[in-house]
Amino acid sequence: MTTIRNVVLVHGGFVDGSGWQGVYDHLSADGYQVAVVQNPTLSLAGDVAATRQILDALDGPAVLVGHSYGGAVITEAGNHPNVAALAYITAFAPDKGESVSTLIADPPPGAPVPPILPPRDGFLFLDRERFAASFAADVPGQEAAFMADSQVPWGVDALDGTVTQPAWQTRPSWYLVATDDHMIPPAAQRAMAQRAGATVSETPGSHAVYVSRPAVVAAVIAQAAQGPDEQS
């Protein structure tokens, strides 16, 4: 099987695509053609459309990568014919009819509760004073503070958008569990990965593991690019 050379990176809620820069740098240095989707994060349908625009422009197959809410986006957008593999980075992997809202509706006892503030005009933010501890505990303090102060409003309609046809049913998938995640409990990550039939790896890291450990994340994406036939 020929290694896939295109990678498309999709960010989650509360942040934009700039957090992927470290992963982008690693993959680009290894010869991958990398694109980053800037989700409007107004609705799931809108973010899927933004991702499909990038996929439409590719000249060959791609690994479609999602972090956090970006996992919901790639689960729907991954049905695009240019998508050959999926990579979930501490991400939601909904099934048909599920949304991020339904997946977080019943947290397990003792699980950390993300400090999401009540909606304002249809948008969600994280409490900036608790952003670092919940989202980016292993990111340098100044960088975590910048992430908190540059939050992207996350539309409630994006949170509530339901998946119609999960791409992981027809595409091979990989999943990186961040074991110190305080936004998506690691147990929930493992359950979603198992349900999707994903090849799973784990690493110490916060929800922002794609920022704090870009080489580890890039390595998982490279595994997906090599395809299941290359794994032993």
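Student: I would appreciate a short explanation of the sheet that holds strand E1 (residues 6-10) in the present structure.
Tutor: The strands that make up a sheet pair up through hydrogen bonds in the backbone, lying either parallel or antiparallel. The sheet built from six strands is open, its strands ordered E2-E1-E3-E4-E7-E8 with parallel pairing. Every interior strand has two partners, whereas the edge strands, strand E2 (33-37) and strand E8 (199-203), have only one. Ignoring which end each strand starts from, the neighbouring axes of this sheet average 20 degrees apart. Bridging between strand E3 (residues 62-67) and strand E4 (residues 83-89) involves six bridges; their strand directions are parallel. Bridge pairing in E4 places Val65 opposite Ala87. Contacts from helix H8 (residues 186-195) reach strand E7 (173-178) and E8 within the one sheet, and its direction differs from that of E7 by about 170 degrees.

Student: Explain helix H3 (residues 70-77) here, please?
Tutor: An α-helix turns once every 3.6 residues. As a result, residues three or four positions apart point the same way. Within H3, eight of the eight residues are buried, which leaves the element mostly enclosed by the surrounding structure. Taken as a whole, H3 has its buried residues at Gly70, Gly71, Ala72, Val73, Ile74, Thr75, Glu76 and Ala77. Contacts made by the buried residues of H3 are with E1, helix H2 (44-56), E3, E4 and helix H4 (100-103).

Student: It is not clear to me how the nonpolar core should be interpreted in this structure. Could you clarify?
Tutor: Counting 72 residues, the largest nonpolar core has Phe135, Met147, Tyr210 and Ile221 as its most contacted members. Per element, the largest residue contribution to this core is seven residues, and it comes from helix H10 (residues 214-226). Not counting the four nearest positions on each side in its chain, Tyr210 is found in contact with Val15, Gly19, Trp20, Val23, His67, Ile89, Phe135, Met147 and Val217.

Student: Just to check I follow, could you spell out unusual backbone geometry for this structure?
Tutor: What is expected of a backbone is that most residues other than glycine have negative phi and most peptide bonds are trans. One non-glycine residue, Phe14, lies in positive phi territory at about 75 degrees. Looking at the secondary structure, you find Phe14 in the loop between E1 and helix H1 (21-29). Its identity is not glycine, yet Thr90 carries a phi of approximately 35 degrees, on the positive side. Residue placement: Thr90 occurs in the loop between E4 and H4. The class for Thr90 is buried, based on a relative accessible area of 0%.

Student: Teacher, can you tell me more about H10 here?
Tutor: A rise of 1.5 Å per residue sets the reference length of H10, with its 13 residues, at 18 Å; its end C-alpha atoms lie 18 Å apart and thus fit the reference within 8%. Looking at H10, one finds that the buried residues are Pro214, Val217, Ala218, Val220, Ile221, Ala222, Ala224 and Ala225. A positive backbone phi angle near 85 degrees is found at Gly227, which sits one or two residues after H10.

Student: Could you clarify how one ought to interpret the layout of surface pockets in this entry?
Tutor: With a probe scaled to a water molecule rolled over the atoms, the places where space remains empty come into view. Quantified by volume, the largest pocket comes out at close to 440 Å³. Lining the largest pocket are 27 residues, with Phe92, Leu103, Ile104, Met183 and Pro185 sitting closest to its centre. Elements supplying a minimum of two residues to the lining of the largest pocket: H4 and H8. The leading source of residues in the lining of the largest pocket is H8, at four residues. For the lining of the largest pocket, the residue count by class is 21 nonpolar, three polar and three charged. Contributing elements (two or more residues each) for the lining of the second largest pocket: H1, helix H6 (141-149) and helix H9 (209-212). Partitioned by chemical class, the residues of the lining of the second largest pocket number six nonpolar, six polar and two charged.

Student: Explain the packing of H1 against H10 to me, please; I cannot follow it from the model alone.
Tutor: A pair of packed helices can be characterised by two numbers: the angle between their axes and the separation between those axes. Across the interface, H1 lies against H10 with an axial gap of 8 Å and an inter-helix angle of 55 degrees. Judged by the inter-axis angle, H1 sits oblique to H10. Between H1 and H10 lies a crossing of right-handed hand. Contact residues: Gly22, Val23, His26 and Leu27 in H1; Pro214, Ala215, Val217, Ala218 and Ile221 in H10.

Student: Explanation requested: the side chain of Asn39 in the structure shown.
Tutor: With respect to the helices and strands, the residue Asn39 is situated in the loop between E2 and H2. Aside from chain neighbours lying at most four places away, what touches Asn39 is Val10, His11, Asp47, Thr51 and Val73.

Student: Looking at this structure, how should I read the side chain of Asp181?
Tutor: Inspection of the secondary structure puts Asp181 in the loop between E7 and H8. Of the side chains with opposite charge, Arg190 lies nearest to the buried Asp181, which makes no salt bridge, at 11 Å. Reaching out from Asp181, the side chain makes a polar contact with the backbone nitrogen of Met183 at a distance of 2.6 Å. Side chain to side chain, Asp181 and Gln189 meet in a polar contact 3.4 Å long. In contact with Asp181, other than residues within four places in its own chain, are Thr90, Pro186, Gln189, Gly205, Ser206 and His207.

About the criteria used
Residues numbered from 1 in each chain as written. Predicted model: local features only at pLDDT ≥ 70, side-chain atom pairs only at ≥ 80, totals over all residues. Heavy atoms only, no water. Pairing = 2+ DSSP bridges. Helix = DSSP H or I, 4+ residues; strand = E, 2+ residues; numbered from the N terminus. Axes fitted to C-alpha atoms, helices over the stretch in contact; angles between N-to-C directions. Contact = heavy atoms within 4.5 Å. Buried < 20%, exposed > 50% of the residue type's maximum accessible area, 1.4 Å probe, protein only. Core = buried A, V, L, I, M, F, W, Y, C linked by side-chain atoms within 4.5 Å. Expected span 1.5 Å × (residues − 1). 1 Å grid on protein atoms, 1.4 Å probe; cavity = no way out; pocket = protein on both sides within 12 Å on 5 of 7 lines; lining within 4 Å. Points joined across faces, edges and corners; volume = space filled by probe spheres on them. Nonpolar A, V, L, I, M, F, W, Y, C, P; charged D, E, K, R; others polar. Parallel < 35°, antiparallel > 145°, perpendicular 65-115°, else oblique. Left-handed = near helix turned anticlockwise from the far one by under 90°. Lys, Arg positive; Asp, Glu negative; His and termini not counted. Salt bridge = Lys/Arg side-chain N within 4 Å of Asp/Glu carboxyl O. Polar contact = N/O pair within 3.5 Å; in protein donor to acceptor, adjacent residues only side chain to side chain.

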